[in-house]
Amino acid sequence: MQTVTLNNGVTMPILGFGVYQIPAEDTERAVSEALAAGYRLLDTAAAYGNEEAVGRAIKSSGVPREELFVTTKLWVQDAPAEDNTKRAFEASLNKLGLDYLDLYLMHQPFGDVYGQWRAMEAENRAGRAKAIGVANFYPDRLLDLIINNEITPQVNQIETHPFFQRAEYQHLMREHDVQIQSWGGFAEGRNDLFSNPLLSGIGKEYGKSVAQVVLRWLTQRGVVAIPKSVNPRRMAENFDVFDFELTDEQMSRIATLETGSSLFFDHHDPEIVAGLAKRRLEA
Ligand code: NAP
């Protein structure tokens, strides 16, 4: 598996498996199948409600801990967030049955962001979170966090797919040594992604599916991808993207699919900010 090296030297697989919207009762099976298919990066979150099931699958897989790269995410915490964040971190570790995380992400740029980050920095220094990062941070929030804290986030996990490509933002993140990770790499199928004529035309040239073209395009750009599937055939398909290479001309054609905006939600939209702020999880 190809890897990327984060700004603190930690290596991370460039392709992994996401478990958002997999019901808790299906997650153990799905993760077990993903591990059997070869995935080693697992991406969950406290907010997904399936950390325990991920933990059971890890335990029964027999895959050595050091071969895995496990990510979970901290949900929005009110100020003062230090103690709450520490408790939320412990709760996630316990649910996953682990004694350290490979990557701990702040799920949203809301709540007591500074308090959350300070507590995450402490877990990083203690070696219990090998890498720390953020998700859904737009450039203004990311730069503010970098400038005003000691540790620069290792990763920013953001919506990134053929209709919202984040090319300019990736460039900025590269300047600050923050690794871009895509969520919703298939845009969850929105905009008829899986039957997009341009993507399927390119796929036909290699005997590859639209999903494989998208994952190849992401990883070829140096973007870490974490496709979700509950279907073992698709898990295997999504893992089989390293035996072909898109040409510069094909990469340029895919660039024309950019729409310039989110297909999900804009974190600058006051309604979204208020909605996410109201949602609280029990730590
Ligand atoms: P996604 O990976 O873009 O799309 C998943 C959808 O694509 C599912 O409906 C899946 O259906 C389908 N699919 C998967 N492989 C396919 C294939 N080869 N052919 C056709 N359809 C296929 O969506 P996502 O789950 O939202 O994003 C990926 C991961 O990113 C999440 O699981 C989560 O870990 C993370 N995420 C993070 C955030 C955040 O705020 N940080 C937000 C969203 C997601 P089947 O399952 O039926 O195959």
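Residues numbered from 1 in each chain as written. Predicted model: local features only at pLDDT ≥ 70, side-chain atom pairs only at ≥ 80, totals over all residues. Heavy atoms only, no water.

A.B. asks: Tell me what's going on with the pairing of strand β8 (residues 155-159), and back it up with residues and numbers.
C.D. replies: Within β8, 5 of the 5 residues are buried, which leaves the element mostly enclosed by the surrounding structure. Strand direction decides the pairing type here: strand β7 (residues 129-135) and β8, joined by 3 bridges, are parallel. Among the inter-strand pairings, A135 is bridged to a residue of β8, identified as Q157. In this view, the connection linking β7 to its parallel neighbour β8 by way of helix α5 (residues 139-147) has right-handed handedness. (Buried < 20%, exposed > 50% of the residue type's maximum accessible area, 1.4 Å probe, protein only. Helix = DSSP H or I, 4+ residues; strand = E, 2+ residues; numbered from the N terminus. Pairing = 2+ DSSP bridges. Right-handed = clockwise from strand over helix to strand, strands pointing away.)

A.B. asks: Tell me what's going on with the pairing of strand β9 (residues 179-183), and back it up with residues and numbers.
C.D. replies: Counted residue by residue, β9 has 5 buried out of 5 residues, so it is predominantly covered. The alternating pattern of β9 places Q179, Q181 and W183 on one face and I180 and S182 on the opposite face, and all of these are buried. With 5 bridges joining them, β8 and β9 adopt parallel strand pairing. Directly across from I158, in β9, lies its bridge partner S182. In this view, the connection linking β8 to its parallel neighbour β9 by way of helix α6 (residues 167-175) has right-handed handedness. Pairing of β9 with strand β10 (residues 224-225) involves 2 bridges; the strand directions are parallel.

A.B. asks: Tell me about the site of the ligand, and please be specific about residues and values.
C.D. replies: Close to the ligand lie 27 residues; D43, E188, K228, S229 and R234 are nearest. Side-chain polar atom of H107 to an oxygen atom of the ligand: 3.4 Å apart, as the coordinates give it. A distance of 2.9 Å separates an oxygen atom of the ligand from a polar backbone atom of V230. Compared with its free state, where it exposes 900 Å², the ligand has 88% of that area covered by protein. Looking at the shell around the ligand element by element, the count peaks at 3 residues for helix α9 (residues 232-239). (Near = heavy atom within 4 Å. Polar contact = N/O pair within 3.5 Å; in protein donor to acceptor, adjacent residues only side chain to side chain. Areas by Shrake-Rupley, 256 points an atom, 1.4 Å probe, with all protein chains shown as cover.)

A.B. asks: Requested: an account of the packing of helix α3 (residues 82-96) against helix α4 (residues 113-125), with residues and values cited.
C.D. replies: In a packed pair of helices, the relevant descriptors are the angle between the two axes and the axis-to-axis distance. Running from N to C, α3 and α4 cross one another at 50°; their axes reach a closest spacing of 8 Å. Between α3 and α4, the interaxial angle falls into the category oblique. α4 is crossed by α3, and the crossing has right-handed handedness. Side by side, α3 and α4 meet where E82, T85, K86 and F89 of the first sit next to G115, Q116, R118, A119, M120 and E123 of the second. (Axes fitted to C-alpha atoms, helices over the stretch in contact; angles between N-to-C directions. Parallel < 35°, antiparallel > 145°, perpendicular 65-115°, else oblique. Left-handed = near helix turned anticlockwise from the far one by under 90°. Contact = heavy atoms within 4.5 Å.)

A.B. asks: Explain the sheet that holds strand β3 (residues 17-18) residue by residue, including any values.
C.D. replies: Read across the open sheet, the 8 strands follow the order β3-β4-β5-β6-β7-β8-β9-β10; overall the sheet is parallel. The strands lining the two open edges of the sheet, one partner per strand, are β3 and β10. One ladder, built from 4 bridges, connects strand β5 (residues 69-74) with strand β6 (residues 101-106); its direction is parallel. When the sheet's bridge partners are listed, K73 is paired in β6 with L105.

A.B. asks: So what's going on with the environment of L263? Which residues, and what values?
C.D. replies: On the secondary structure map, L263 appears in the loop between α10 (248-255) and α11 (270-278). Separated by 102 residues in sequence, L263 and H161 have C-alpha atoms that sit 9.6 Å apart. Each residue touching L263, except ones within four places of it in the same chain, is listed here: E159, H161, F163, A187, R190 and N191.

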